[in-house]
Number of protein chains: 2
Amino acid sequence: MFSRPLQSLLRQYSRLLSPPAVSPSPPALSLPRLHRALMATQVEKEVQLGPLRVAVKEQGDLIRAMKAEGRPNLEVQAAVSELRKRKTALEKKEKDLIPQEAKIDRGKLEDTLKRRYFYAPAFSIYGGVAGLYDYGPMGCAMKSNLLSLWRQHFVLEEGMLEIDSCILTPEPVLKASGHTDRFSDFMVKDEATGECFRADHLLEDVMESLVSDPKCPPEKKEEYQLIRAKADSYSQEELAGLFTRFSIKSPVTGNSLSPPMDFNLMFKTSIGPGGALTGFLRPETAQGIFVNFKRLLEFNNGKLPFAAAQIGKAFRNEISPRSGLLRVREFEMAEIEHFVHPEKRNKFEKFSNVADLSISLFSACNQMDGKSAESLTLGDAVRSGLVANETLGYFVGRIHLFLTRIGVDPGKLRFRQHMSNEMAHYASDCWDAECLTSYGWVECVGCADRSCYDLTCHVTAAKVDMSAKEQLSEPLTVDVVEVAPEKGVIGKQFRKEAKVIMDALAALSSSQAEAAEKEATEKGSYELEVGDKKYTLQRNMFKIKRYQKTVHVVDVIPSVIEPSFGVGRILYTVLEHSFGVREGDEQRAWLALPPCVAPVSCSVLPLSSNEQFSPFVQQIASSLKSRGISHKIDDSGGSIGRRYARTDEIGIPFGVTVDFDSLQSKTATLRERDSMRQIRASVSV
Amino acid sequence: MFSRPLQSLLRQYSRLLSPPAVSPSPPALSLPRLHRALMATQVEKEVQLGPLRVAVKEQGDLIRAMKAEGRPNLEVQAAVSELRKRKTALEKKEKDLIPQEAKIDRGKLEDTLKRRYFYAPAFSIYGGVAGLYDYGPMGCAMKSNLLSLWRQHFVLEEGMLEIDSCILTPEPVLKASGHTDRFSDFMVKDEATGECFRADHLLEDVMESLVSDPKCPPEKKEEYQLIRAKADSYSQEELAGLFTRFSIKSPVTGNSLSPPMDFNLMFKTSIGPGGALTGFLRPETAQGIFVNFKRLLEFNNGKLPFAAAQIGKAFRNEISPRSGLLRVREFEMAEIEHFVHPEKRNKFEKFSNVADLSISLFSACNQMDGKSAESLTLGDAVRSGLVANETLGYFVGRIHLFLTRIGVDPGKLRFRQHMSNEMAHYASDCWDAECLTSYGWVECVGCADRSCYDLTCHVTAAKVDMSAKEQLSEPLTVDVVEVAPEKGVIGKQFRKEAKVIMDALAALSSSQAEAAEKEATEKGSYELEVGDKKYTLQRNMFKIKRYQKTVHVVDVIPSVIEPSFGVGRILYTVLEHSFGVREGDEQRAWLALPPCVAPVSCSVLPLSSNEQFSPFVQQIASSLKSRGISHKIDDSGGSIGRRYARTDEIGIPFGVTVDFDSLQSKTATLRERDSMRQIRASVSV
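Residues numbered from 1 in each chain as written. Chains lettered and ligands numbered in written order. Predicted model: local features only at pLDDT ≥ 70, side-chain atom pairs only at ≥ 80, totals over all residues. Heavy atoms only, no water.

The name given to chain A in an unreviewed UniProt entry is Glycine--tRNA ligase, with Geodia barretti as the source organism. The record held by UniProt for chain A lists under Sequence similarities (unreviewed entry) the comment "Belongs to the class-II aminoacyl-tRNA synthetase family." Looking at the Subunit (unreviewed entry) heading of the UniProt record, one finds this comment for chain A: "Homodimer." (UniProt positions renumbered as here; feature names shortened; annotations may be inferred.)

*Asks:* Whenever I open this one, the sheet that holds strand E5 (residues 184-189) of chain B confuses me. Can you help?
*Replies:* Strands in a sheet are paired, the pairing made by backbone hydrogen bonds, and the direction either parallel or antiparallel. All names here are of chain B. Read across the sheet, 3 strands follow the order E6-E5-E7 without closing on themselves; strand pairing throughout is antiparallel. Each of the sheet's edge strands pairs with one partner strand only, and the pair in question is strand E6 (196-198) and strand E7 (261-264). Strand after strand, the sheet turns through a mean of 50° between neighbouring axes, direction not considered. Across 4 bridges, the pairing between E5 and E7 is antiparallel. Considered in E7, the bridge of phenylalanine 186 is made with aspartate 262. Against the sheet, helix H9 (residues 199-212) contacts E5 and E6, and its axis sits at roughly 75° relative to E6. (Pairing = 2+ DSSP bridges. Helix = DSSP H or I, 4+ residues; strand = E, 2+ residues; numbered from the N terminus. Axes fitted to C-alpha atoms, helices over the stretch in contact; angles between N-to-C directions. Contact = heavy atoms within 4.5 Å.)

*Asks:* Where do I start with helix H22 (residues 614-626) of chain A in this structure?
*Replies:* For the α-helix, the turn length of 3.6 residues means that residues three or four positions removed from each other point alike. All names here are of chain A. Across its 13 residues, H22 extends 18 Å between first and last C-alpha, which sits within 8% of the 18 Å expected from 1.5 Å per residue. Those residues of H22 that sit buried are Phe616, Val617, Ile620, Ala621, Ser623 and Leu624. Along the axis of H22, the buried residues cluster in a sector spanning 160°; they form a single face. In H22, the exposed positions that point more than 90 degrees away from the buried face belong to Pro615 and Ser626. Close packing links the buried residues of H22 with strand E24 (602-606), strand E25 (631-633), strand E26 (654-658), helix H24 (660-665) and strand E27 (667-672). (Expected span 1.5 Å × (residues − 1). Buried < 20%, exposed > 50% of the residue type's maximum accessible area, 1.4 Å probe, protein only. Arc of directions from axis to C-beta.)

*Asks:* I tried to follow the relation of the copies chain A and chain B on my own but got confused; where do I start?
*Replies:* Think of it as a corkscrew move, a rotation about one axis and a shift along it, taking one chain copy to the other. Its rotation angle being 180°, the transformation that places chain A on chain B also includes 0.1 Å of axial translation and leaves an RMSD of 0.2 Å. Interpreted geometrically, this transformation is the action of a two-fold axis. Closest approach to the rotation axis among the C-alpha atoms of chain A is made by threonine 269 of chain A, whose C-alpha sits 2.6 Å away. An overlap of 100% is found between the interface residues of chain A and their copies at the interface of chain B, pointing to a shared contact surface. (Least-squares fit on C-alpha atoms with pLDDT ≥ 70 in both.)

As structure tokens, this is what we get:
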């Protein structure tokens, strides 16, 4: 459209709109470094942080020693709780040491985002509902750009199988996954106002205040600390007992509280008219992939490894939603499940693509030692065993590349390893991508090696085979245990049903056969399930055969590496990291959004609302449209400076201004947002 | 990548991937016309259809006459019910007359779609849930292409404001929109099995069988017909009475039935821990736009007209889901709300772009006359008043262009006008885009002029101003009614609150002031609501002032034109219209999907799984990737013919085959799916 010299700028521009797909370098457009530049020097900071670091390390060492000595679990838990407290104090101090000038004015950012309709509280004309937000045109466009980059970066680049599964999920699925149990917290209710509190949090607060009372006798102190540490592991009855013992009342009104009740964080509903089928809104998109694993494996011709991906909404009925987009009740997720042979996790062909990438890693060890995150190449991290395997390391690298490409400040990004006490028992390693925001470090992406836990849950609950077949390079000799039905005895007792029973017995796996023998020996009989029916078989109804067999194929339940993205949190982080005010003008807020995620790519600004501008403006607009460049015409009047400010506020990276000269000379001005540089050039439409 | 002569083919190919945005011509790639070609000639058909057409017209004329005579509503309803029956008979006959060879083998299509994982019943490893489907990699990619074309065709092309609002919706919103009442049906339940039936449908069936009993006395016949016609308008008590009177039992088991119960088609849940806030899963995405209207208007600088759009999931708890993707409980919608000054609906600047487009229109009049749809240009349709206004006509045209572009057979697409009895009372005109499938004519898109109904509902319920300001070209003289508070009387009674009350009184609109006067005069007092509080004001606490005023700006509640797309239904229709079997080979099913929606654009097929093919295949693959062309490498072995068939089955439009010659000569074969034409050419990577 533009003739030289603008062509070169436009060429650069299109590169920014679709950055190279595999490049491991940070995005071409660097983000404002104001915050870091203004931070107190590292030395000054360390003087203040030193004692806090020592306090964390002392406690970390204590826990290591306790574990080495094999001390009781309860004691270790109490020590971990203290460690957590000291870590929090250290992080708070680190945050406090950021000088005022380098902090963003969150109020001003939020005002801008609401006023320019990136997002806003939902249903506000009806008084609103906490934890629900609607994305307006700017937020929706930005989210849509962000997701299409995600699709390009992960799904297309890695050849993943994207699916779109249901939000409505029947109870048995979430029973199997552990969500109906794991997502359950105990609540107490103000008996007069109905206000709800999490029982464990309230108990912690009460113990905290008892402990910090100077009149508290030392022998009691220890007990209270133990109770605080155990707060989230008590049973319903135990909690009820403690609430009675300490006469705990509502912290808001002082009213009496109901006994602790089960409260599940999933939204419950009923599917179908009968009311018999309980369903939930999915709390994550992952289960939709797991229940479809067999079909996906078949789609992949039965071969491992492969990855499936899904973008979609998930729901959590948070007790107290807060922090804007960070803790909401309805949110968008983008999840990947990479299925891999458990023994082949440490070999990932493309790992070499990210091995030299330097990443800020905050290891569990450093966390216990009161140290900060450290920069390491992924190659070194995997070689040293810090990151469990190449597959996990590869995804950590890809996540880093994605986040920095879309505008997360690499100086405010770290990968924090889960400590053993916070990791699920089945997970073998887990790293959270955390971003520093005005709310502190926020978990934006989780990246976990979940071993074969999820698929095994569904294999057990749904009684279906979900294994992949592994073709062995060398045949293997295995021990086989088989049930041999006693045809005569079974036939005599079960008559017509005998065949069904004998087929089911013959189909039992080796481990099931072992279990059948054990049950029949111990209890005198074995209970066989066939579909909905159960049959009680006496010990004399079957024999057990043991022999060896040579196999060329074995069943494998794959391990799962799960990168899981919180889209709203990432979007908010990018907005915060891009936010600034123009030097010398406190009122001019602007967003340095990378062009690839900016809601609109280019503004078109006629200098006057004079009608004779319209044809030329329309020509430029349709020229941009035909090149797939989103644009916004602002012919609202007002000074051109004011209108530039308006486009800066919504992060539009480029602007084309048409003035009176333009009409005669067919020229226009192209302005770049970050540098505010302007070039006049002729326009060929 | 390819040197000549393939370059020209590839150029054509990329045109197909992103078809021109505004062209009003049908898509470049035409769909199989087999079905229509094989249909019985029109003349032969008309011999059989003639009597049925006459029967419809007779009844249509009868209704017209009854209306003209002002006959009671109940009688008219009964006649309409008979008309509906005759129309159904006509449509069924039309469908039956399609010769067997021209019908698609739906079983074979569904088998292909399931086997190649376009979509499949959800949660099937747990026995499945009726009405829930998951999209696999092929369906998900196709849906994603379809939605991105939708966004390009509507949102970008028309500069619409796209938003993304919440699925969880609090009760007051859906109370205001009428969904908590309107979406409610009466159900009866088998008292033994718990199976549910829609009470009105069951009543209709019972009356139907009574009427068709030859022993039914003529005087009873008329009564039963009336009851059948009124079935969906009885109250709960009336229904209960009829079920008792006719001793209606479960049609499945013959068991007793419960009394009729209210059943709402929305999924209900509870938001927040207290259980006090009832919420629903939205039954449509439209309400999310209406409740945000004020913000959207402000975003558009207060100007009309403008359109907002939303793509997202919606939910309906269907009593009996059926017909695959056509009637499901969770589905994707794409909705547009075009807001326009009610008096300016008939002037739409871009209407001329579609005025010459010939569209198959099935008018309400033709439906009553037993005629078929007729081809008309939109210009003629609007000029003659058949289509209510230019705005509505423009969207009908744009919908037609969109559907045919993505692969709907234009010969199986018609726009059916709602008859006055099926149209909501507030709607002024409504046209459904219907597609002919093996299930009959299926409504895929609704396009309604909903006047100012929706916004007015929320204005009334939420008590907020949702009007746009219209700058008048000439000032207008209007009658003003104002409330003048009696300061002394109010102050004496309400003291501290007096100011709040007087401000609220002064802010009442003319119509509210009229209403206040009426209420106070009739009841002796007027109840004023301010926020959550209510104040009872005696007649002597205010006076009413009436005068005339000259205004330059007036408040306008805009009209809404609403095109609403059912994404799953459209996707299924495109699949059916693209489905065929290769001539001479019944087993070779294939999909003639337009390249712009095909799940994968290009296959890459190495003739042998020999390792020496790999580098060249990878070169081609990354060359395609860098051009943004999705591809699938099939190195699974098997004959090349078999593999072409596999790619045809999922509708991949292009294939690149690499053979032994390729390695030496750097050439490859490019194959086009529809013509099966192959060209050998050199490859420059």
